[in-house]
Amino acid sequence: MQQRRTMDDPRCSLVSQDNRGARYGSLSEESIAMPQPSDAALGQKSAANVFSDGCTRIDFVLVWETIPRELSGQQDSHENGGLQERSATTHRTWRKKFLDKLHAAGIHMEKHMTRVEKKMVHYLLLSVPWSVQCYYAEELQLHVPLQALPRQTSNWSASVLWWLGIPNLMAQEVPNLPLDYYTCPFKANKLCWFLGSNEQDTFFSTTQRHQIVYEILATTQYGHSREREVGVDRLLSENVFTAAFPLHEARPHCPPRDHPAASPARPASLCRPTPCLSPQGPYKPRPEELAAGGLSQRQVLFRYWASWSKWSKYQPLDHVRTYFGEKVAFYFAWLGFYTGWLLPAAVVGTVVFVAGIFLMFSDVPSQEICASEEQYWMCPLCKTCPYWQLSKMCRTFMAGRLFDHGGTIFFSIFMSLWAVLFLEFWKRTNASLAHHWDCFEFEDIEERPRPQFTAMAPMTIINPVTGAEEPYFPKSSRLHRILAGSMIIIMMIAMVVMFVVSVILYRAVVAILLSSSGYFWFVASASRIASITGSVVNLIIILILSKIYTSLAHFLTKWEMHRTQTKYEDAFTFKVFIFQFVTFYSSPIYIAFFKGKFVGYPGNYLSFLGVRNEECSPGGCFIELAQELLVIMVGKQIINNVQEVAIPKLKCWWHKHKLFSTKKEDEEGTSVPVEQAPWVMDHQLLVFEGLFDEYLEMVLQFGFITIFVAACPLAPLFALLNNWVEIRLDAHKFICDYRRPVAERAQGIGIWFSILKAITHLAVISNAFLIAFTSDFLPRTYYEYVHDSSLRGYVNFTLAYAPWDFVLQSNITCRYRAFRDRDGNLTLTYWQLLAIRLSFIIAFEHVVFFIGRVIAWLVPDIPESVEVKVKRERYLAKEALAENKVLFERRETRSKASITDPAAGRDWETEQFSSS
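Predicted, not measured: the structure shown is a model, and the values here were computed from it.

Definitions and limits used
Residues numbered from 1 in each chain as written. Predicted model: local features only at pLDDT ≥ 70, side-chain atom pairs only at ≥ 80, totals over all residues. Heavy atoms only, no water. Helix = DSSP H or I, 4+ residues; strand = E, 2+ residues; numbered from the N terminus. Buried < 20%, exposed > 50% of the residue type's maximum accessible area, 1.4 Å probe, protein only. Axes fitted to C-alpha atoms, helices over the stretch in contact; angles between N-to-C directions. Parallel < 35°, antiparallel > 145°, perpendicular 65-115°, else oblique. Left-handed = near helix turned anticlockwise from the far one by under 90°. Nonpolar A, V, L, I, M, F, W, Y, C, P; charged D, E, K, R; others polar. pLDDT = per-residue confidence, 0-100. Contact = heavy atoms within 4.5 Å. Pairing = 2+ DSSP bridges. Core = buried A, V, L, I, M, F, W, Y, C linked by side-chain atoms within 4.5 Å. Disulfide = S-S within 2.5 Å.

## Some words on unusual backbone geometry
No. 1: One non-glycine residue, glutamine 141, adopts positive backbone phi at about 55°.
No. 2: Relative to the assigned elements, glutamine 141 resides in the loop between α4 (130-140) and β5 (143-149).
No. 3: Overall, glutamine 141 belongs to the partly exposed group, its relative accessible area being 26%.
No. 4: For asparagine 176, which is not a glycine, the phi torsion comes out positive at approximately 55°.

Pasting the structure below:
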């Protein structure tokens with residue numbers, strides 16, 4: 001039953017809305033009632049993420065900036081000053097309401113301020129008490145451990161190498177390896193049955209505490225729900241807060257529950273850390289720390305994952321998952337798996353390319369062209385262009401043989417089956433990791449509504465499965481919004497097509513201008529120069545339009561009100577990928593399947609918008625397609641890698657230099673840097689903006705190496721080299737340059753797998769058409785069987801004579817590439833080749849799809865061992881809880897019996913309290 005939600009509906013905010021927030025005054029910009037810690041206290045706690053008491057853990061940090069009143073009037077004119085004052089007042093009101101509700105929810109807070117030039121930077125440290133942790137852990141269905149398990153190696157390559165007796169050079173010993181557990185969703189009434197339940201400070205992992213805080217921050221209402229004045233994300237967009245983030249791990253002061261040094265009864269006095277702040281940054285371990293082995297999680301990841309010296313080693317994925325959460329860990333797991341599978345593809349592609357080099361020098365048609373001299377005079381490429389000799393294109397034609405030869409067929413089939421096998425085995429790896437990381441059924445059963453959806457949904461409905469009342473947005477309204485957004489997307493795609501047509505016209509015009517220039521080098525290279533410069537122009541347009549469309553897709557997806565985070569990200573991903581697919585692949589698709597196919601013949605050339613349609617170069621469209629792929633694919637990779645290296649460093653340097661160059665003077669008056677607190681250091685880092693760009697880059701790359709791989713066998717090699725660099729670049733960004741993201745759970749790589757599957761099917765069809773219509777393989781094979789097996793005379797076979805009418809106008813007989821007679825009519829050879837080409841397409845895709853289906857049938861999506869583990873974990877979890885319940889009941893029974901025994905003489909109530 002649907003119910004309309006009102007503005008005062010308590011479900012609009014998951015925290016209490018009483019007026020207890022008026023009791024504290026430390027959050028006001030004008031008066032700070034909370035006593036500020038001394039410099040000595042700051043120095044003691046600067047090495048750990050704790051409050052000034054030395055024990056209360058910092059779970060989240062809110063940051064905002066203000067201008068002191070004595071300086072606010074000096075900034076601008078009177079009118080601008082009035083506008084700024086009103087805006088500051090509104091922000092102060094929203095911030096006050098928001099923080100009041102956080103305080104009313106029981107969140108512990110501590111505030112610090114820093115003077116930076118003419119601004120005051122306020123840092124509000126948040127910590128979640130135990131009772132709030134338990135409440136939200138049950139609401140979020142966080143998994144907690146029941147029983148520790150021995151660590152089981154699941155790397156298939158390590159097992160294969162061990163079975164073959166080959167040393168595994170990719171293995172490495174990483175310290176502080178997280179333990180494995182049998183787990184189940186947390187229940188507050190069964191707390192005593194979970195492992196480590198008596199250690200409140202470390203019972204929930206750091207990432208789980210971050211999730212709890214973010215859930216509260218994202219659903220807290222500070223204004224009217226109809227105006228969507230809910231959540232910290234809206235406050236960040238309105239600049240009420242300038243930052244909200246969890247802290248990176250500092251040096252260990254209280255070991256986590258899975259650390260070997262963890263103790264059930266650790267005194268509070270030991271929680272106070274020692275001051276140790278390395279001038280190189282907390283992620284770089286010092287020599288004494290390396291010798292002692294006391295590395296934090298961040299230092300372990302920096303040394304054994306983000307370091308360039310570890311480029312050939314396995315990624316410590318369990319450490320990545322423990323520190324960043326499942327969503328980030330699945331990305332790096334998939335990227336590493338994809339990079340490993342690129343190795344055989346790169347080897348085979350390189351062998352095919354090397355074979356093309358040898359075939360290039362022994363190719364009979366190429367030798368005929370190079371030795372033809374003035375035998376073949378070719379028709380002009382435009383009205384004012386001169387006639388030209390085919391022999392002048394000797395090198396270009398030979399270069400085309402690098403990519404267009406018999407090995408192309410084998411490599412196309414190989415890559416099509418490679419893509420199918422890659423996806424099938426990734427599904428198995430994904431299932432194993434999902435079970436190992438306790439998210440095997442996350443999307444189907446455990447995933448809750450997005451906090452933003454919960455806060456802004458206009459009504460509620462009874463869930464037919466759980467019977468609970470949940471926020472609801474009508475499907476009809478969402479469908480109308482999706483349709484409206486689709487119209488905008490279609491308009492943007494039409495704009496992309498317009499730009500693609502503009503690039504095509506640019507190529508045609510540049511080719512005509514260069515051909516009619518009169519300079520031999522320009523005339524000979526007109527088509528190649530036009531193709532390369534057109535590719536560069538196309539790449540620039542792609543990068544500009546991508547930025548605009550991504551922002552638009554974000555707005556449309558938020559407007560559509562998707563219930564869960566997975567559905568929200570899938571909708572956004574689909575929108576942007578459709579646009580990026582059209583943008584990046586439109587030019588290669590045009591060259592591969594349309595260029596040179598609708599040219600006409602001398603005397604009856606076809607034109608578009610008054611410009612004659614483009615022809616393929618004498619070397620064929622294959623070499624042009626290879627050039628296009630190399631320019632877009634490799635050029636994009638180089639630009640992205642430079643951006644990923646340079647831009648984060650420059651941004652961090654500028655942020656630190658401008659905002660946080662705080663210094664103090666020593667006794668001699670020398671200026672020395674101030675040791676900054678962890679929240680100040682993390683504030684200097686960049687905001688984590690999600691994994692979409694990382695996935696998009698890799699999936700587009702996957703499309704290039706599968707859809708058009710027949711034209712460029714070296715594409716997998718370039719992709720492999722790029723990904724080796726990409727893994728370490730991304731790891732370095734996450735550890736050193738980005739603020740720590742809020743850990744998110746995930747069951748896999750989401751809709752990206754469906755996109756990869758669609759690309760795989762498209763690649764089979766694309767390669768079939770490439771070989772049939774763009775490559776010379778089938779005409780050559782036809783000529784070998786029908787005319788001459790040595791291919792002598794093949795060049796003359798592929799060239800038609802200009803029609804009589806065209807020859808009479810110029811009194812010169814010329815040739816052009818086609819299967820036509822002297823009247824311009826298509827010959828019987830053309831129709832025979834067309835039938836062969838269509839038959840080849842049908843046979844190729846049927847054979848490859850059939851083999852792919854057989855592979856999919858033989859390779860189960862979920863390994864049998866994982867299915868057994870899932871069933872066994874459910875059984876053992878149920879048995880463990882049942883056994884603990886029986887033991888607990890027996891203990892209570894014995895306790896009651898002992899209390900009635902006067903001879904016992906023991907205070908069981910006191911003993912029970914102390915033991916618990």
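## Concerning the packing of helix α11 (residues 326-361) against helix α14 (residues 407-436)
Each pair of packed helices can be described by the angle between their axes along with the distance between the axes.
No. 1: Contact pair α11 / α14: the axes reach a minimum separation of 10 Å and the direction vectors enclose 160°. Classified by the angle between their axes, α11 and α14 sit roughly antiparallel to one another. Between α11 and α14 lies a crossing whose hand is right-handed.
No. 2: Within the contact of α11 with α14, the residues separate by chemical class into 22 nonpolar, 4 polar and no charged.

## Concerning the confidence of the model for the protein chain
No. 1: When pLDDT is averaged along the protein chain, the result is 75, and 74% of the positions lie at 70 or above.
No. 2: Helix α31 (residues 908-915) is the least confidently modelled element of the protein chain, averaging 29 in pLDDT, while strand β7 (residues 243-245) averages 91, the highest of any element.
No. 3: Predicted confidence for residues 895-916 stays below pLDDT 50, and this span has 5 contacts to residues more than four positions away or in other chains.

## With respect to the sheet that holds strand β2 (residues 60-66)
No. 1: Strand order across the open sheet formed by 4 strands is β3-β4-β2-β7, with antiparallel pairing between neighbours. Here the strands that pair on one side only, and so sit at the sheet edges, are β3 (108-116) and β7. Strand-to-strand twist in this sheet, taken as the mean axis angle between neighbours without regard to direction, amounts to 15°.
No. 2: In this structure, β3 lies alongside strand β4 (residues 119-127), joined through 9 bridges in antiparallel fashion. Paired with histidine 108 across the strands is serine 127, a residue of β4.
No. 3: Here helix α6 (residues 206-219) sits on the sheet and contacts β2 and β4; the angle it forms with β2, its principal contact strand, is near 45°.

## A few points about the nonpolar core
No. 1: Counting 105 residues, the largest nonpolar core has Phe324, Trp334, Tyr338, Trp418, Ile735 and Trp752 as its most contacted members.
No. 2: Ranked by the residues each element gives to this core, the list is headed by α11, at 18 residues.
No. 3: When sequence neighbours within four positions are dropped, the list of residues in contact with isoleucine 735 reads His248, Tyr283, Arg298, Leu301, Phe302, Trp305, Ala306 and Phe324.
No. 4: Within the second largest apolar cluster, 36 residues are counted, among which are Phe60, Tyr136, Leu140 and Phe194.

## Concerning the pairing of β2
Residues in a regular strand project their side chains so that they alternate between the two faces of the sheet.
No. 1: Within β2, 6 of the 7 residues are buried, leaving the element largely enclosed by the surrounding structure.
No. 2: In the sheet, β2 pairs with β4 via 7 bridges, with the strands oriented antiparallel. Within β4, the position partnered with valine 61 by the bridge is leucine 125.
No. 3: When β2 meets β7, the two strands line up antiparallel, connected through 3 bridges. Of the residues in β7, the one forming a bridge with valine 63 is alanine 243.

## Focus: the pairing of strand β6 (residues 180-185)
No. 1: Burial analysis of β6 places 5 of its 6 residues in the buried class, the great majority of the element.
No. 2: With 6 bridges joining them, β5 and β6 adopt antiparallel strand pairing. Bridging across to β6, histidine 143 finds its partner in proline 185.

## Observations regarding the side chain of threonine 114
No. 1: By the secondary structure assignment, threonine 114 is in strand β3.
No. 2: Discounting chain neighbours no more than four positions away, the residues touching threonine 114 are Lys119, Met120, Val121 and Tyr123.

## Topic: the packing of α14 against helix α29 (residues 828-858)
No. 1: In contact at an axis separation of 10 Å, α14 and α29 are set at 30° when each is read in the N-to-C sense. By the angle between their axes, α14 is roughly parallel relative to α29. As α14 runs across α29, the sense of the crossing is right-handed. When α14 is examined against α29, the residues Ile409, Ser412, Ile413, Ser416, Leu417, Val420, Leu421 and Glu424 are found in contact with a partner set consisting of Phe840, Phe844, Val848, Ile851, Gly852, Ile855 and Ala856.

## Topic: the environment of glutamine 375
No. 1: With respect to the helices and strands, glutamine 375 occurs in the loop between α12 (364-371) and β8 (377-378).
No. 2: Glutamine 375 sits 15 residues away from leucine 390 along the chain, and the two C-alpha atoms are 8.2 Å apart.

## Overview of the state of the cysteines
No. 1: All chains considered together, the criterion is met by 2 disulfides.
No. 2: Here cysteine 370 pairs with cysteine 394 through a disulfide, and the sulfurs are 1.7 Å apart. Judged by the sign of its S-S torsion, about 80°, the bond between cysteine 370 and cysteine 394 is right-handed. Within this pair, whereas cysteine 370 is found in helix α12, its partner cysteine 394 is found in helix α13 (residues 394-400), the two being separated by 24 residues in sequence.
No. 3: Of the residues examined, cysteine 394 reaches a relative accessible area of 16% and is grouped as buried.

## A closer look at helix α9 (residues 297-304)
No. 1: Taking burial as the measure, the 8 residues of α9 include 6 buried ones, the bulk of the element.
No. 2: Listing the buried residues of α9 in full gives Arg298, Gln299, Val300, Leu301, Phe302 and Tyr304.

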